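Overview (structure and organization)
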Amino acid sequence: MKLTSRLNMLPFDDLDARRTMLTEIFGRPVPDSLSILPPFHCDYGLGATFGERVFINQGCFFLDFGGITIGDRVLIGPRVTLSTAGHPVELDERREFITHAPIVIEDDVWIGAAATVTPGVTIGHGSVVGAGAVVAKDVPPLSVVTATTIVERKRLKPASAAP
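Residues numbered from 1 in each chain as written. Predicted model: local features only at pLDDT ≥ 70, side-chain atom pairs only at ≥ 80, totals over all residues. Heavy atoms only, no water.

We now examine the overall build of the protein. Helix and strand content of the protein: two helices and 17 strands. Computed over C-alpha atoms, the radius of gyration of the protein comes to 17 Å, within 12% of the 15 Å expected from 2.2 N^0.38 for 163 residues, which places it in the range of a compact globule. Based on the C-alpha atoms only, the size of the protein along its principal axes is roughly 55 × 40 × 20 Å. Taken over 163 residues, the protein has a buried fraction of 37%. A total accessible area of about 9,500 Å² is found for the protein, and carbon and sulfur atoms account for 59% of it. Looking at charge distribution, the protein has the averaged site of its 15 positive side-chain charges lying 6 Å from that of its 18 negative ones. (Helix = DSSP H or I, 4+ residues; strand = E, 2+ residues; numbered from the N terminus. Rg over C-alpha atoms; globule rule 2.2 N^0.38 Å. Buried < 20%, exposed > 50% of the residue type's maximum accessible area, 1.4 Å probe, protein only. Areas by Shrake-Rupley, 256 points an atom, 1.4 Å probe, with all protein chains shown as cover. Lys, Arg positive; Asp, Glu negative; His and termini not counted. Charge placed at Lys NZ, Arg CZ, Asp CG, Glu CD.)

For the rest of this paragraph, the subject is the nonpolar core. Judged by nonpolar contacts, the single largest core of 34 residues is most densely connected at Ile56, Phe62, Ile70, Ile76 and Leu82. Apart from residues no more than four positions distant in its own chain, isoleucine 70 is found in contact with Thr49, Phe50, Gly51, Val54, Phe62, Ile76, Leu82 and Ile105. (Core = buried A, V, L, I, M, F, W, Y, C linked by side-chain atoms within 4.5 Å. Contact = heavy atoms within 4.5 Å.)

Before going further, it helps to examine the pairing of strand S5 (residues 60-63). What you see with S5 is a clean split: Cys60 and Phe62 sit on the buried side and Phe61 and Leu63 on the side with no burial. Taken together, the three bridges between strand S2 (residues 40-42) and S5 define a ladder with parallel strand orientation. What sits directly across from cysteine 42, in S5, is phenylalanine 62. Relative to strand S8 (residues 81-83), S5 is paired through three bridges, and the arrangement is parallel. Of the residues in S8, the one forming a bridge with phenylalanine 62 is leucine 82. (Pairing = 2+ DSSP bridges.)

Overall, the coordinates contain four aromatic pairs when judged by the stated rule. These aromatic residues form a ring-pair network of at least three members: Phe26, Phe40, Phe50 and Phe62. (Phe/Tyr/Trp six-rings, centres within 6.5 Å; stacked < 30°, edge-to-face > 60°.)

Moving on, we come to the pattern of salt bridges. For the structure on display, the rule yields one salt bridge. Across the pair arginine 73 and aspartate 108 runs a salt bridge whose closest N-O atoms are separated by 2.6 Å. Placement of the pair is arginine 73 in the loop between strand S6 (68-70) and strand S7 (75-76) and aspartate 108 in the loop between strand S11 (103-105) and strand S12 (110-111), with a sequence separation of 35 residues. According to the relative accessible area criterion, arginine 73 is partly exposed, its value standing at 31%. (Salt bridge = Lys/Arg side-chain N within 4 Å of Asp/Glu carboxyl O.)

What follows deals with the sheet that holds S5. In a beta sheet, neighbouring strands pair by backbone hydrogen bonds and run either parallel or antiparallel. One open sheet holds the five strands; their spatial order is S2-S5-S8-S13-S16, and the pairing between them is parallel. The sheet is open, and its two borders are formed by S2 and strand S16 (134-135), each paired with just one other strand.

In this section: helix H2 (residues 15-26). Within an α-helix, residues lying three or four positions from one another point in the same direction, as the helix has 3.6 residues per turn. The end-to-end C-alpha distance of H2, which contains 12 residues, comes to 16 Å, matching closely the 16 Å that a straight helix rising 1.5 Å per residue would cover. When H2 is considered as a whole, its buried residues turn out to be Arg18, Met21, Leu22, Ile25 and Phe26. Buried residues of H2, viewed axially, fall in a sector of 120°; they line one side. Across H2 from its buried face, at more than 90 degrees, point the exposed residues Asp16 and Thr20. Buried residues belonging to H2 abut helix H1 (2-9), strand S1 (35-36), S2 and strand S3 (48-50). Within two residues after H2, glycine 27 carries a phi angle of roughly 75°, on the positive side. (Expected span 1.5 Å × (residues − 1). Arc of directions from axis to C-beta.)

Now the structure itself:
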């Protein structure tokens, strides 16, 4: 996070310094065609890879501990969150460990403003994720998905006696 703080303080038009900082954040050279508008935040950096002609708008959060792969010609709107990490759902397990699973965004995907993509999701090529959507399962290729409604998935067990 120290490195993304430095990235976000650079002058917008200092493209050479921004490219150098992105290479440091991601641990490898990034494509010359990658465009990330500040502010940009990620917690790990080394877990993300990018294809050609990727555009990431301002205010995005990449929690990339589990790995994020972004294909070619992907457009990501402002304030999008890609989160590869989480916590167990059951009450007795929540403080034990962090779960993680990779996110894969295939070629030619568009993700609208303020969408959230959760761990383990693959978004198929050519798909569009609507603004504000919460994507918690795979998106088939060439699909348009939207939604922010609540769907009860399961009931949790009551917590055991407190320690």
